[in-house]
Amino acid sequence: MMHRYENREALAEALAAGVAAVLAGGIATRGGATLAVSGGSTPKLFLQTLAKADIDWASVCVTLVDERWVPESSDRSNTAFLRRHFLQGPAAQARFEPLHEDAEAPEDVLDEIEARFSRLPRPFDAVILGMGGDGHTASFFPGGDRLVDALDPAGRLSVVPMRAGGAGEPRVTLTLPRLADARFLAIHIEGIEKLRALEAAEAAGPETEYPVRAVLRAPREQPLQIFWAP
Ligand SMILES: O=C1O[C@H](COP(=O)(O)O)[C@@H](O)[C@H](O)[C@H]1O
């Protein structure tokens, strides 16, 4: 289902209200809620708005859908982005489950990360994905060295490392099965370029060309929600 907004402020308010309601519902029915969000730059206003929601943040576990394999001191760190724009104010009480650990390469600590994420409640209550103009989402990049494993709908892993020409540094990403069964699953994009890229991804073609296709095509009980503003 496509939601179009006149501007980014209206989108941020609507998406934050929707996610806050989903989290509050999870807390009310299961005593807690889990949220996986994206990094990059698009989600900044949405996350700043959500962080102010009046919910029991101490009962919420927050994580990332993917991470660049850089220290938190790097301006490329999605963790640093989240701490700066989301884990502030009321949302600072949330438990944060990081994808990055202090190691040279993700493979050096992958077993530990996988063990931590396999212990998180499943499915996530809410997953908010971004998308690059190349059709990547999370760190499912075209040409990614572990893209097949990441997109395997029957895959049992929660997390895989990823290297790709368009990714910059090595990445770690949650896998498609771990993301696509979320109770509330949304893609949040902004700008006309990304709308055109989404339209291209909605056409027939291989998932390797536009990996976001794997999300668009994943079978779900609740429809995938797409949030767009110019
Ligand atoms: O590298 C990444 O890019 C995507 C898209 O970022 P955006 O700022 O263009 O929306 C992001 O969703 C992902 O988390 C990030 O690691």
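Rules used in this analysis
- Residues numbered from 1 in each chain as written.
- Predicted model: local features only at pLDDT ≥ 70, side-chain atom pairs only at ≥ 80, totals over all residues.
- Heavy atoms only, no water.
- UniProt positions renumbered as here; feature names shortened; annotations may be inferred.
- Near = heavy atom within 4 Å.
- Polar contact = N/O pair within 3.5 Å; in protein donor to acceptor, adjacent residues only side chain to side chain.
- Areas by Shrake-Rupley, 256 points an atom, 1.4 Å probe, with all protein chains shown as cover.
- Nonpolar A, V, L, I, M, F, W, Y, C, P; charged D, E, K, R; others polar.
- Phe/Tyr/Trp six-rings, centres within 6.5 Å; stacked < 30°, edge-to-face > 60°.
- Helix = DSSP H or I, 4+ residues; strand = E, 2+ residues; numbered from the N terminus.
- Salt bridge = Lys/Arg side-chain N within 4 Å of Asp/Glu carboxyl O.
- Buried < 20%, exposed > 50% of the residue type's maximum accessible area, 1.4 Å probe, protein only.

With an unreviewed UniProt entry as reference, the protein chain is termed 6-phosphogluconolactonase, source organism Plantimonas leprariae. UniProt's Pathway (unreviewed entry) comment on the protein chain is quoted here verbatim: "Carbohydrate degradation; pentose phosphate pathway; D-ribulose 5-phosphate from D-glucose 6-phosphate (oxidative stage): step 2/3."

Participant: How would you sum up the site of the ligand? Please name residues and give values.
Facilitator: Surrounding the ligand, one finds Ser38, Gly39, Gly40, Ser41, Thr42, Asp66, Arg68, Asn78, Gly130, His136, Arg171 and Lys194. At 2.7 Å, a side-chain N or O of Thr42 approaches an oxygen atom of the ligand. Between an oxygen atom of the ligand and a side-chain N or O atom of Asn78, the distance comes to 3.1 Å. Burial of the ligand by the surrounding chains reaches 91%, relative to a free accessible area of 390 Å². Among the residues making up the shell around the ligand, the classes are represented as no nonpolar, 8 polar and 4 charged.

Participant: For the packing of aromatic side chains, give the residues involved together with the corresponding values.
Facilitator: Counted by the stated rule, this structure contains 2 aromatic pairs. Between Tyr5 and Phe227, the aromatic rings sit 6.1 Å apart at their centres with planes inclined by 5°, giving stacked as the arrangement. One end of the pair, Tyr5, is in the loop between strand 1 (2–4) and helix 1 (8–30); the other, Phe227, is in strand 10 (residues 225–229), and 222 residues separate them in sequence. Measuring from ring centre to ring centre gives 5.6 Å for Trp57 and Phe86, while their planes differ by 80°; the resulting arrangement is edge-to-face. Placement of the pair is Trp57 in the loop between helix 2 (44–50) and strand 3 (60–64) and Phe86 in the loop between helix 3 (78–85) and strand 5 (95–97), with a sequence separation of 29 residues.

Participant: Describe the pattern of salt bridges, listing the residues and the values that go with them.
Facilitator: If charged atoms from side chains of opposite charge come close, those side chains can pair. According to the stated counting rule, one finds 15 salt bridges in the structure shown. The residue Glu97 makes a salt bridge to Arg95 at a minimum N-O spacing of 2.5 Å. Accessibility expressed as a relative area gives 8% for Glu97, which makes it buried. For Glu97, the salt bridge identified is with Arg116, shortest N-O distance 2.6 Å. Of the two residues, Glu97 sits in strand 5 while Arg116 sits in helix 4 (residues 110–118), which places them 19 residues apart along the sequence. The same class applies to Glu97 as to Arg116, namely buried. If you follow the salt bridges from partner to partner, you end up with Asp66, Arg76, Glu169 and Arg171 in one network.

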